[in-house]
Amino acid sequence: MPNDSTFAIQTQALSKHYGRNGEIKALQSLNLEIRQGELFGFLGPNGAGKSTTIRTLLGFLHPTSGSASVLGLDVVKDSVAIRRRVGYLPSGFAVYDYMSGREYLDHMRALSGRPSLLRHRIMEALELSDTILKRPVRDYSRGMRQKIGVVQAMETDPELLILDEPSEGLDPLMQRSLQELLLERVGLGRTVFFSSHLISEVERICSRVAIVRGGQLVALESVESLVRFRRRRIEALVARKPLRLTATAGISNLKFTSEGKTGVRISCDAEAAAIPNFIKRLQSAGLRDLLVEAASLEEAFMSYYGSSTRNTVQMAPEVATPLSRTRRAPAKRTTTTRKVTKRPAAKRPAAKRPAAKRPAAKRKGSR
Ligand code: ADP
């Protein structure tokens, strides 16, 4: 049973299966150790098992097998004590619609039994005014609800924050403000564990990142090594097919489609570092239109791990090694330590449902 209090969070072979016969293996033998004072990102595409992990850590779900501790407390036996000490933002956060924002926050704070220390600081950072707090929550936009959720999770200045997709529904400016708030807390010695499907936000603020997919830990990374997942999708229209474009390093899945007199349409995936040169070559072929967009985490995974691994994903070598080692030895894709079965997300649609349509109580599953 893990109970090492030097770790804010520790899981050992933690598994959670759903379905009558446990056929949905949402989480499979997860081993994680998050130290006190870390800002730790839990990254994975939708359906990867992030919420299941988080809900198990809070004691809302019981593990099928394995064990976990939060602040040295067992997630099954001590869940009430854990919830008292942890600031938690659930995914697709929904609140009691009939209350005003202020009533809701006061209610949650009273339940926590802890004083509000940071409400005004967080409200200010997230541009939540007193006027907004007086309005009933049913009139709130999705972003406002999410902000209320963040205030609720953070206002008592808990030693550990566990946030499930905290930037969902926030506009880019507010996402930045939230990131600043999290950095500030960690600067003061708190621990933050948050899930995300956005490489960019994890990259910006975290020291370490666990990447999950299909319920399994694919890699445990120092944030520097995430750079290889930074991919872009490019669509371009050029007057004529550029010469030797296939030979360009960092460009993959290159496709050409002739569009008659309009020109040639080009689509490909590109590593961020290869883009400036690639665009120069497009320009020399008479560039007429260009679209560059960030690849989704799923696409980045596929392009890194390779589409030939249709049913398997190769696990990076630094999986489950301590930070000091991962920092010194970033992943090399040639080494394979284990095969991970790739499984489509089952039963639930991949996209998260909007908060407003979910009931206020716990939404995903039961014990
Ligand atoms: P994420 O948070 O990474 O999007 P989840 O933990 O929500 O992933 O889901 C992991 C897997 O478990 C998905 O395949 C999802 O469909 C499934 N799942 C989640 N909740 C339930 C549930 N209550 N019943 C059955 N399957 C579920």
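Rules used in this analysis
Residues numbered from 1 in each chain as written. Predicted model: local features only at pLDDT ≥ 70, side-chain atom pairs only at ≥ 80, totals over all residues. Helix = DSSP H or I, 4+ residues; strand = E, 2+ residues; numbered from the N terminus. Buried ≥ 20, exposed ≤ 12 C-beta atoms within 10 Å, placed from the backbone. Contact = placed C-beta atoms within 7 Å. Pairing = 2+ DSSP bridges. Axes fitted to C-alpha atoms, helices over the stretch in contact; angles between N-to-C directions. Parallel < 35°, antiparallel > 145°, perpendicular 65-115°, else oblique. Left-handed = near helix turned anticlockwise from the far one by under 90°. Nonpolar A, V, L, I, M, F, W, Y, C, P; charged D, E, K, R; others polar. Expected span 1.5 Å × (residues − 1). Arc of directions from axis to C-beta.

> What am I meant to see in the overall build of the protein chain here?
Within the protein chain, the secondary structure is distributed over eleven helices and 16 strands. Taken across its 367 residues, the protein chain has 41% of its residues classed as buried. Sequence-distant contacts in the protein chain: of pairs separated by 6 or more residues, those separated by 24 or more amount to 73%.

> For this particular structure, what's the right way to read the sheet that holds strand 13 (residues 264-271)?
Backbone-to-backbone hydrogen bonds pair the strands of a sheet. The strands run either parallel or antiparallel. Across the sheet, which stays open at both edges, the four strands sit in the order 12-13-11-14 with antiparallel pairing between neighbours. Among the strands making up the open sheet, the edge pair consists of strand 12 (251-258) and strand 14 (287-294). Strand-to-strand twist across the sheet, computed as the mean angle between neighbouring axes with direction ignored, equals 15°. Two strands pair when backbone bridges link them, and strand 11 (residues 231-238) and strand 13 are joined in this way by eight bridges, in the antiparallel orientation. Note that in strand 13 the partner of Ala236 across the bridge is Ile266.

> What should I look at first to understand the packing of helix 3 (residues 101-112) against helix 6 (residues 142-154) in this one?
The relative placement of two packed helices is expressed as an angle between their axes plus a distance between the axes. Direction vectors running N to C along helix 3 and helix 6 enclose 25°, while the axes themselves pass 10 Å from each other. Comparing the axis directions of helix 3 and helix 6 gives the class roughly parallel. Crossing of helix 3 over helix 6 shows right-handed handedness. Of the residues in helix 6, those touching helix 3 at Gly101, Tyr104, Leu105 and Met108 are Ile148, Val151 and Gln152. Here the residues of the contact of helix 3 with helix 6 sort into five nonpolar, two polar and no charged.

> What's the story with the pairing of strand 8 (residues 191-196) in this structure? I'm lost.
Strand residues, when the strand is regular, have side chains that alternate between the two faces of the sheet. Counting buried positions along strand 8 yields six of six residues, so the element is predominantly enclosed. When strand 3 (residues 39-43) meets strand 8, the two strands line up parallel, connected through five bridges. Bridge pairing in strand 8 links Leu39 to Val192. Examined bridge by bridge, strand 7 (residues 160-163) and strand 8 share four bridges and lie parallel to one another. By the bridge assignment, Leu160 is partnered in strand 8 with Thr191.

> How should I be thinking about unusual backbone geometry in this particular structure?
The general pattern is negative phi for most residues beyond glycine and trans for most peptide bonds. The phi angle at Ala13 is positive, at roughly 45°, despite the residue not being glycine. Inspection of the secondary structure assignment puts Ala13 in strand 1 (residues 7-18). The class for Ala13 is partly exposed, based on 13 C-beta atoms found within 10 Å. Phi is positive for Asn253, which is not a glycine, with a value near 55°.

> In this structure, what is going on with helix 7 (residues 172-187)? I would like to understand it.
Residues lying three or four places apart along an α-helix face the same way, a consequence of the helix completing one turn every 3.6 residues. Spanning 16 residues, helix 7 covers 22 Å between terminal C-alpha atoms, matching the ideal 22 Å at 1.5 Å per step. Every buried residue of helix 7 is accounted for by Leu178, Leu181, Leu182 and Arg185. End-on view of helix 7: buried residues confined to an arc of 95°, all on one side of the axis. In helix 7, those exposed residues whose orientation departs by more than 90 degrees from the buried face are Pro172, Leu173, Glu180 and Gly187. On its buried face, helix 7 is in contact with strand 3, helix 4 (119-125), helix 6, strand 7, strand 8 and helix 8 (199-205).

> Looking at this structure, I do not really get the sheet that holds strand 1. What am I missing?
As summarised here, the arrangement of the four strands in space is 2-1-4-5, forming an open sheet in which the pairing is antiparallel. Because the sheet does not close on itself, it has two edges, and the strands there are strand 2 (24-35) and strand 5 (73-74). Taken together, the five bridges between strand 1 and strand 4 (residues 65-70) define a ladder with antiparallel strand orientation. By the bridge assignment for strand 4, Gln12 is matched with Ser67.

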